[in-house]
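Each chain is listed here by its residues.
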Amino acid sequence: MTAYAVAVIRETRFGLEIKEYLQRIDATLAPFSGKYLVHGGPYVPLEGAWSGDLVVIEFPSMEQARGWYESDAYGAIRPLRTRHTLGEVLLVQGVPEGHKGADILG
């Protein structure tokens, strides 16, 4: 089942290391069939306040998402991001085809 790497980046201090990270990340995604679905804005806030950037990367499975995040290739560039951004990153499982909102009620 599809899984997603989601990052809510509240602050980015742009510089050479962030540029290098962005130039290298695609090569780390390819072996795990990761692809960007969302990478920044523009945004249309509808409820509450929003500041920052949203990144959503799709993977065919949670195993591939975790494999990417824990890979040597991504581990080598992760510090380039973490030293210059503030935010949260998580992996989340997708839902099956035909999922309905009430399905979570059991």
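Residues numbered from 1 in each chain as written. Predicted model: local features only at pLDDT ≥ 70, side-chain atom pairs only at ≥ 80, totals over all residues. Heavy atoms only, no water.

**Here's the deal with the layout of surface pockets**
Selection rule: Note on definitions: the grid is 1 Å and covers protein atoms alone; a cavity is a set of points where a 1.4 Å probe fits but cannot get out; a pocket is an open set with protein on both sides within 12 Å along at least five of seven lines; lining residues have an atom within 4 Å of a point. Grid points are joined across faces, edges and corners, and a volume is the space filled by probe spheres set on the points. The helix count covers DSSP runs of H or I at least four residues long, the strand count covers runs of E at least two residues long, and both are numbered beginning at the N terminus.
The computed volume of the largest pocket comes to approximately 360 Å³. For the largest pocket, the lining is made up of 23 residues, of which Ile-9, Tyr-21, His-39, Val-55 and Arg-81 are closest to its centre. Counting only elements with at least two residues in the lining of the largest pocket, the list comes to strand S1 (3-12), helix H1 (16-29), strand S2 (35-39), strand S3 (53-59), helix H2 (62-69), helix H3 (72-82) and strand S4 (85-93). With five residues, the single largest contributor to the lining of the largest pocket is S1.

**Remarks on the nonpolar core**
Formally: Here the nonpolar core consists of buried residues drawn from Ala, Val, Leu, Ile, Met, Phe, Trp, Tyr and Cys, with membership extended through side-chain atoms lying within 4.5 Å. The classification of residues rests on relative accessible area computed with a 1.4 Å probe and restricted to protein chains. Under 20% of the type maximum is buried, over 50% is exposed, and intermediate values are partly exposed. The criterion used for residue contact is that any of the two residues' heavy atoms lie within 4.5 Å.
Membership of the largest hydrophobic core comes to 16 residues, with the highest contact counts inside it found for Ile-25, Ile-57, Phe-59 and Trp-68. Counting residues per element, the ones that place at least two in this core are S1, H1, S3, H2 and H3. Per-element accounting of this core gives the leading share, four residues, to S1. Each residue touching Trp-68, except ones within four places of it in the same chain, is listed here: Ala-5, Ile-25, Thr-28, Leu-29, Phe-32, Ile-57, Phe-59 and Tyr-74.

**Some remarks on the pairing of S3**
Our working definition: Two strands pair under a simple rule: DSSP has to find at least two bridges between them.
Among the seven residues in S3, five count as buried, and that is most of the element. Relative to S3, S2 is paired through four bridges, and the arrangement is antiparallel. Along S3, the bridge assignment pairs Val-38 with Val-56.

**A word on the packing of H1 against H3**
The line we're drawing: As a rule, the C-alpha atoms of each element are fitted with a line to give its axis, helices using only the stretch in contact, and angles between N-to-C directions run from 0 to 180 degrees. Under this scheme an angle from 65 to 115 degrees is roughly perpendicular, one under 35 degrees roughly parallel, and one over 145 degrees roughly antiparallel; angles in between are oblique. Definitions for this section: a left-handed crossing has its near helix turned counterclockwise from the far helix by less than a right angle. A right-handed crossing has that turn clockwise. Throughout this entry, Asp, Glu, Lys and Arg are counted as charged residues, while Ala, Val, Leu, Ile, Met, Phe, Trp, Tyr, Cys and Pro are counted as nonpolar. The remaining residues, Gly among them, count as polar.
Relative orientation of the contacting elements H1 and H3 amounts to 155°, with a least axis distance of 9 Å. Here H1 lies roughly antiparallel to H3, going by the angle between them. At the point where H1 passes H3, the crossing takes the left-handed sense. Across the interface between the two elements, Glu-17, Ile-18, Glu-20, Tyr-21, Arg-24, Ile-25 and Thr-28 of H1 pack against Ala-73, Tyr-74, Ala-76, Ile-77, Leu-80 and Arg-81 of H3. Residue composition of the contact of H1 with H3, by class: eight nonpolar, one polar and four charged.

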